[in-house]
Amino acid sequence: QKEVEQDPGPLSVPEGAIVSLNCTYSNSAFQYFMWYRQYSRKGPELLMYTYSSGNKEDGRFTAQVDKSSKYISLFIRDSQPSDSATYLCAMRAAAGNKLTFGGGTRVLVKP
Amino acid sequence: GAVVSQHPSRVICKSGTSVKIECRSLDFQATTMFWYRQFPKKSLMLMATSNEGSKATYEQGVEKDKFLINHASLTLSTLTVTSAHPEDSSFYICSARGSGDRVAYEQYFGPGTRLTVT
């Protein structure tokens, strides 16, 4: 079993819909949770980062962390075709440097 | 803020030659930089962690003599693929961990370098 599980998709939604992404993990030591967006043939771009449990909102993006369930989510409101990309969750323990990534979910927003 | 650049963006080399890839943090200082490799439609695989002024720490299975990493300053790390072979063809991505008030204490990634070995 992988440390971080993420559905590879593709997840196809119509423009304007809410995109819902999630990851589950097994390591209870993880304290910091990130979401990255990666366009084809580009490096990942940091979208959201959250410490411990709770919600964080930034524009159209909302990140949620439920440590009791070892489950994190990213919601994208009013999705646009430009949101079409692969979304990677990543997490790390408080004391460590290394990030553990999910496999990524490919998202397609259709006009 | 938190911009990381990589150079070159794409390189084609012949088998047996060496290739150097540069990673720079443009608007912040990065005491720690990371090098990843990514295969098509796969997630990132960490190769090594490099701290400024010290030797890199390589992940299990990564040959340190083949993938030479130098982190000589707080804004520059280099990855040299020595005696490259076709199986080294891949997408190489660096990241720099942010520090300071303007950037989060998380990894910011460069745009990647596509290496093709013929």
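Our structure's up above, just so we're on the same page.
Residues numbered from 1 in each chain as written. Chains lettered and ligands numbered in written order. Predicted model: local features only at pLDDT ≥ 70, side-chain atom pairs only at ≥ 80, totals over all residues. Heavy atoms only, no water.

Engineer: Can you walk me through unusual backbone geometry in this structure?
Structural biologist: A negative phi angle is the norm for most residues apart from glycine, just as the trans form is the norm for most peptide bonds. Cis geometry marks the peptide bond from Gly 9 of chain A to Pro 10 of chain A; its omega dihedral reads 10°. Here Pro 10 of chain A is to be found in the loop between β1 (4-6) and β2 (11-14). Going from His 7 of chain B to Pro 8 of chain B, the amide bond is cis rather than trans, its omega being 0°. Here Pro 8 of chain B shows up in the loop between β1 (4-7) and β2 (10-13). Of note, the phi angle at Lys 70 of chain A is positive, near 55°, even though the residue is not glycine. On the basis of relative accessible area, Lys 70 of chain A is assigned to the partly exposed category, the value being 26%. (Helix = DSSP H or I, 4+ residues; strand = E, 2+ residues; numbered from the N terminus. Buried < 20%, exposed > 50% of the residue type's maximum accessible area, 1.4 Å probe, protein only.)

Engineer: Explanation requested: the sheet that holds β1 of chain B in the structure shown.
Structural biologist: Sheet strands pair by backbone hydrogen bonding; their relative direction is either parallel or antiparallel. All names here are of chain B. Reading across the sheet, the 4 strands line up as β1-β3-β8-β7 and stay open at both edges, with antiparallel pairing between neighbours. At either margin of the open sheet sits one strand with a lone partner, and together these are β1 and β7 (67-73). Across this sheet, the average inter-strand angle for adjacent strands is 15°, counted without regard to direction. With 5 bridges connecting them, β7 and strand β8 (residues 76-81) associate as antiparallel partners. Residue pairing in the sheet places Ile 69 in a bridge with Leu 79 of β8. (Pairing = 2+ DSSP bridges. Axes fitted to C-alpha atoms, helices over the stretch in contact; angles between N-to-C directions.)

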